[in-house]
Structure formats: C-alpha cells, structure tokens
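The primary structure of each chain is shown beneath.
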Amino acid sequence: MADMTQAAPATRPKIHRAPFRWGAVVNHAVLIAGALFMIAPLLMLVQMSTIPDAEILRSGPSLEIGDRFGANLDKALFGSMSYSGETTGLNMFRNSMILGLGFAVGKIVIAMMAAYAIVYFRLRFATLAFWLIFTTLLLPLEVRIVPSYEITQKLGLLNTWTGLIVPLIASATATFFFRQFFMSVPEELVEAAKIDGAGPVKFFVDILVPLSRTMIAAMFIIMFVYGWNQYLWPTMVSTEEGKFTLVQGIKQITQSLEGGHIPEFGRSNILAVLAVIPPVAVVVFFQRWFVKGLTDSDK
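Residues numbered from 1 in each chain as written. Predicted model: local features only at pLDDT ≥ 70, side-chain atom pairs only at ≥ 80, totals over all residues. Heavy atoms only, no water.

**Student:** Which residues make up the overall build of the protein chain, and what are the values?
**Tutor:** Of the regular secondary structure elements, the protein chain holds 15 helices and 0 strands. In the protein chain, once contacts between residues fewer than 6 apart in sequence are set aside, the share between residues at least 24 apart is 74%. With an accessible surface of roughly 18,800 Å², the protein chain has 67% of that area assigned to carbon and sulfur atoms. (Helix = DSSP H or I, 4+ residues; strand = E, 2+ residues; numbered from the N terminus. Contact = heavy atoms within 4.5 Å. Areas by Shrake-Rupley, 256 points an atom, 1.4 Å probe, with all protein chains shown as cover.)

**Student:** Residue-level account of the side chain of Ser171, with values.
**Tutor:** Tracing the backbone through its elements, the reader meets Ser171 in the loop between α7 (161-165) and α8 (172-183). A relative accessible area of 10% means that Ser171 is categorised as buried. Discounting residues that sit within four places of it in the chain, Ser171 has contacts with Lys107, Ala111 and Met223. (Buried < 20%, exposed > 50% of the residue type's maximum accessible area, 1.4 Å probe, protein only.)

**Student:** Outline the pattern of salt bridges, supporting the account with residue identities and numerical values.
**Tutor:** Close approach of charged atoms lets side chains of opposite charge pair. Evaluation of the coordinates by the stated rule reveals 3 salt bridges. Lys202 serves as the salt-bridge partner of Asp206, at 2.8 Å between the closest nitrogen and oxygen. Here Lys202 and Asp206 lie together in helix α10 (residues 200-211), a separation of 4 residues that amounts to about one turn. For Asp206, a relative accessible area of 43% gives the class partly exposed. (Salt bridge = Lys/Arg side-chain N within 4 Å of Asp/Glu carboxyl O.)

**Student:** Tell me about unusual backbone geometry, residues and numbers included.
**Tutor:** Not every positive phi belongs to a glycine, and Asn159 is a case in point at roughly 60°. Position of Asn159 relative to the elements: it lies in the loop between α6 (141-154) and α7.

**Student:** Which residues make up the confidence of the model for the protein chain, and what values do they have?
**Tutor:** Looking at the protein chain, pLDDT values average 82 and 87% of them are 70 or higher. For the protein chain, the element scoring lowest by mean pLDDT is helix α15 (residues 287-295), at 69; helix α4 (residues 89-120) scores highest, at 91. (pLDDT = per-residue confidence, 0-100.)

**Student:** Explain the side chain of Lys107 to me, and be specific about the residues and the numbers.
**Tutor:** Tracing the backbone through its elements, the reader meets Lys107 in helix α4. Once you skip the residues sitting within four places of it in the chain, Lys107 turns out to touch Leu168, Ile169, Ala170, Ser171, Ala174, Met223 and Tyr226.

**Student:** I'd love a proper account of the packing of aromatic side chains, names of residues and values included.
**Tutor:** This model, assessed by the stated rule, comprises 20 aromatic pairs. A centroid spacing of 5.9 Å and a plane angle of 45° characterise the contact between Phe103 and Tyr226, whose relative ring orientation is tilted. Here Phe103, found in helix α4, pairs with Tyr226, found in helix α11 (residues 213-228); they are 123 residues apart in sequence, far enough to count as distant. On the basis of relative accessible area, Tyr226 is assigned to the partly exposed category, the value being 32%. (Phe/Tyr/Trp six-rings, centres within 6.5 Å; stacked < 30°, edge-to-face > 60°.)

Dropping the structure here:
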C-alpha cells in the first residue's frame, strides 16, 4: 500500500522590519527647523517686496501678498538711484562681483607665494617673518584704514579697481593655512621633484598648486565672501557712483528713511536678496571641497 504520509507545509520566511529610529526623526526635524529659520527672513523680504512702500510705512510688515514685485524688481535691476544713471542694480552687482573675485584670487595668489617662500626656501628669518605676518590678524581693517587710505591717495589709486583691491589682498589667515598645508607635503615628493630636474617655479606650478586645489577652494569661499561684503573700504576709496557695490547701494536706499520722502522698501529688499545669492552659490558649489580642504590631510 502506497505511503499516504502528508508533506509538512512549507514555512514562510520571516520578514525582519528595521526598528523605527526616533533619533533620525529628531535629527531631521532639527535640520528642517534650522533651514526654515534661516530661509524665513529671505522669504519675508521677497514677500514685503510685493507690497507698496507707502503701505509698509503706514501699517508695517504683514503677511499679505501684493502685486508690486515685478515693478520693484525692474526698479532694483535697471532703475538708478542717482542722476548719473550708473547706480543701477546690475551695475552694482557687477562691481561687487569684481571686488569679490579680485579679493579671492589676489589673496590666494599672494598667500600661496608667501607660504611657499616660508616653507621651501632656506631663509634665515623665515619663521620670524611668518609670525610677523600672523600678528597682523590682531590689526583689523578699522585700525589700519587711515594709513592705507593715505598711501592709496598718494599713489593716485582712488576710484580705481587697483585701489579697491590691492591694498587689502594680503591675508595672514590664508598664509597660515597654506603654510600648514605645504608643511604636510611629504619630503619624498620634494626630493623626487629635484631628481626629475624640476626647478622652484615648476615644482610650485605643476605639483603644489594641483595638490592644493581643495585648500584653494576653501580659501576662495572665505575670501570671496569677505570681499563681497566689504563696505567701509569701498566707501572711502570709491566716490564715483559707477564704482558703488551692492552693499553700498542697499545702505544708500535705507538711509532715505531719514529724508522727507517714502523709503523704497521694495527695491532695497530685492537688492538684499540679490546680495545673498552669489555667496550662497559659491558655498554650495565648493561645499565638498571646502570641507575636504579644511579636514583632509592625505596627499
């Protein structure tokens, strides 16, 4: 008689569900709250630029969405704040971009050359020179602005891009970071370059500069933002309206509150938002290199 034994039913595999992590929820909630906290003022500026200036002056800020954004945007970009017609938003944006890029590129080039000379040239007073450069961090711009202005005036550099950029491109901060970076380069790499017949200039251009790209990106962010936000030095050196920056233009508009006419809140708010865009774009674009340049020491 055939075996009538019944096969045992197959067991279903158990599905292991990942435990719910409240820590991740809290972390994301904190990040979202921080992002909203940072973005809210910008959104408020955009919202206020849609309301007529007279209504803001009469009733203060509100959550109402008006219809003046297009008109205020056109006035901010193409309208002039002077009789010369040179203080338009686009012109001031261009001036700020030139100032920021000039500061960033000039400071990086000078700092790399200074750090290269201190680290790789057998100078008798190299260490003393470095610490003298480093002590300039204790002298803010406000302390040395009068002698710097006097020298700029005697050289005939007022109302010029050279006078705006060159007197401030020396940077002790960038020199310090590049010096520390160059000191961490393996000595074997220097010896190999000497064996291959690389001179000082070739070693600097072909080896050190490519190795320093992450540090250059990190310093570029810092120096660009520093130059972009300059107000005191451009105000003293440039008296021509064609050289005004965005920061100067915003300040000029907000000072109209002291006059007898209605201040242009809408135009100043849009210019403030435009002034934030380039530094944010630079930080976002170089973010990965910025973090790596300040933390990574592998060559």
